[in-house]
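# Report on the structure
So the chains spell out like this:
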Protein chains: 2
Amino acid sequence: MDERVREHARIIVDHSTDVSAGDEVILSGHPRASDLVTEVARLCGERGANLAIRMNGDRARSAYQRAIDAENVSESAVSLASIEAADVVIRVRADENTFESSDVDPAINAAFARANEAVQDAMLETRWVGTQYPAPGNAQAAEMSTAAYEDFVWGAVNKDWDDVREYQSQLVEILDPADQVHVVSGDETDVTMSIAGNPTQNDFGEKNLPGGEVFTAPIADSVEGTVHFDKPLMAQGREIRDVSLRFEDGEVVEYSAGKNEAVLDSVLDTDPGAKRLGELGIGMNRDIDQFTYNMLFDEKMGDTVHMALGRAYDDTVGDENEGNDSVVHMDMIVDMSEDSFIEVDGERIQEDGTFVFE
Amino acid sequence: MDERVREHARIIVDHSTDVSAGDEVILSGHPRASDLVTEVARLCGERGANLAIRMNGDRARSAYQRAIDAENVSESAVSLASIEAADVVIRVRADENTFESSDVDPAINAAFARANEAVQDAMLETRWVGTQYPAPGNAQAAEMSTAAYEDFVWGAVNKDWDDVREYQSQLVEILDPADQVHVVSGDETDVTMSIAGNPTQNDFGEKNLPGGEVFTAPIADSVEGTVHFDKPLMAQGREIRDVSLRFEDGEVVEYSAGKNEAVLDSVLDTDPGAKRLGELGIGMNRDIDQFTYNMLFDEKMGDTVHMALGRAYDDTVGDENEGNDSVVHMDMIVDMSEDSFIEVDGERIQEDGTFVFE
């Protein structure tokens, strides 16, 4: 087994989720990630955890979702019961084909998300982590050889996360007490929002592996202006390109996409919260130096900012504030490397990707 | 997709488990069985069922079980909660390597079985079926090409199960009201037992697919004599050969095995019920015409009888009787094709594999 797989597994089990004796652990993963899943399982055994292994069946899942009528979509009592019984949830992503769900009706996807909101809520109550195995399908999506993609993934994942926490805390200290944020990039992105009273989180590889961002929630109705998202994203098994949004009083009042605008329609229509921002994140992982069509990595890339439509995570919403509620959480990325800046309460904290503390 | 896969899936969903709108279904399968799992999932979608797909990770499971200490083995709250929430459980077996768990300590295997007895009980309360996909690893175990093994599996599975029920009911009518059963084969098997008051079940492809046996439970303390099991069996990922058992007052008082006797030791030691018989079954599926090292098929072979150490299924225990209780249920097979007979209350009902009604 590749030594990098062992290191990845050790970080998952000890750093991200702190698996201990007696913990009820759900380990899910794609069959293509068998090496990493097997090593994580071995470590869970060594730690004395109680392990349930649930590998993905993505072809079967898509076949099921293509066949079902919307009226029959409902909450999975099986999934809810199992997540509620878990202390730790470890999800190892991998794909044989990143377009496997590309022909599931977006309305059905949205219906499943709505019906299973409680399952998602229960998952967020556990010590959970989502990570990536460098499978050939994901290398293909990144337009890289599998060997090069392995270097990329393990370069971003296998690092000293305590050092990362320390480096990123410089930005947390700026944002945590702040109110107004102003993001400008090129001619098309000029947006302001308040983050007053909302805690800023330091993502150093706990819930997401790789980590490498600093994030908080905008005050939902404070967002004003326009954003052009330069980078494509995958949603519901499809690629959406060139998304532009215009916000008034926090709500999307105008939008367009250069590709698969119908998927964007369906996302925005899911519920009222899907038209508002739930997250402002700033990518700081400089080991992620190229875009790979995978939000887990893309959103942490250095010289980028991302904003998510939909749900605000509880730990980014201050006690005095109300978090945006939705079953959607769709991240989209703005390139900040050129002709760009971020101002916080009138002070420029980043210019063309370089922070004031760098 | 192979038309035989579609037929197999249809039998699973409609005949064996009667999946209907709103049913909570757990579908588990090996990644090698992806074709069949995908088609079953599609049908579950068409029927409007609520589906949770959980593919096996057998390498990971074995790594976990090799690493854990016996003192940390306990009931999986996650597995129990999910099974308790299910109406239907569909298990599609397949193997990449039928010896994947061959180096897990038999004591750990037994500890997991004991700790998770309630999970097993809950599964038996659902509409469950266990079936087989003809994967190359299983073809290898059967010493057949994959193509020949596909013919074998689908020949045994894809048939008119109503015809089977009718044919087998002739034997049910003999055994259901009977008391004494006497099984003799060659010089080494001569055993008597009572089945008085215990219902005889007709297995026509509901819980096991293929079906093709008629079975009941012996009165646990009535078993007397010796049995030599001619056919090898797989237990805990290992092959056990040439098992001989001697029963007094229903209990195994002497035993031996020609290969892996230590595994037999561990099985018999699991709990008190593991030393008593929980099942007497008579194979009647003549489409299963060769031994393939797979109990799901072997026990239904024509011209065989099988007996299981351990648990008696509830539906084979009469209201006046007590069923044998154990977490073990290990089937073993006696060849009845030559120099053999079965007598029921003194009447010879089978001789050298041929029934009186044939």
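Let us look at the structure shown here. (Residues numbered from 1 in each chain as written. Chains lettered and ligands numbered in written order. Predicted model: local features only at pLDDT ≥ 70, side-chain atom pairs only at ≥ 80, totals over all residues.)

### Quick word on the overall build of chain A
For chain A, the count of helices and strands is 11 helices and 20 strands. Against the 2.2 N^0.38 benchmark of 21 Å for 358 residues, chain A shows a C-alpha radius of gyration of 20 Å, consistent with a compact globule. Referenced to the eigenvectors of the C-alpha coordinate spread, the extents of chain A come out at roughly 50 × 50 × 45 Å. Sequence separation of 24 or more characterises 74% of the internal contacts of chain A that already satisfy a separation of 6 or more. (Helix = DSSP H or I, 4+ residues; strand = E, 2+ residues; numbered from the N terminus. Rg over C-alpha atoms; globule rule 2.2 N^0.38 Å. Contact = placed C-beta atoms within 7 Å.)

### Structural notes on the interface of chain A and chain B
Taken together, the contacts link 42 residues of chain A with 43 residues of chain B. Taken together, the elements giving at least two residues each to the side of chain A that touches chain B come down to β1 (24-29), α2 (34-47), β2 (50-55), α3 (58-67) and α4 (77-84) of chain A. Within the side of chain A that touches chain B, the residues separate by chemical class into 20 nonpolar, 13 polar and 9 charged. (Nonpolar A, V, L, I, M, F, W, Y, C, P; charged D, E, K, R; others polar.)

### What about the relation of the copies chain A and chain B?
Note on the copies: chain A fits chain B at an RMSD of 0.0 Å, the axial shift is 0.0 Å, and the rotation between them is 180°. The superposition of one copy onto the other is thereby described by a two-fold rotation axis. When the interface residues of chain A are mapped onto chain B, 100% of them are again interface residues, pointing to one common binding face. (Least-squares fit on C-alpha atoms with pLDDT ≥ 70 in both.)

### Details of the sheet that holds strand β15 (residues 277-283) of chain A
Pairing between the strands of a sheet is mediated by backbone hydrogen bonds and can be parallel or antiparallel. Residue and element names in this part refer to chain A. In spatial order, the strands read β7-β9-β15-β16-β17; together these 5 strands make up an open sheet with antiparallel pairing. Edge positions in the sheet fall to β7 (201-203) and β17 (329-335), since each of these pairs with one other strand and no more. Mean inter-strand twist for the sheet, computed between neighbouring axes without regard to direction, equals 25°. Bridging between β15 and strand β16 (residues 304-310) involves 5 bridges; their strand directions are antiparallel. Each bridged residue has a counterpart across the sheet, and for G281 the counterpart in β16 is H306. In this fold helix α9 (residues 161-175) packs onto β7, β9 (213-216) and β15, with an angle of close to 30° to the strand it touches most, β9. (Pairing = 2+ DSSP bridges. Axes fitted to C-alpha atoms, helices over the stretch in contact; angles between N-to-C directions.)

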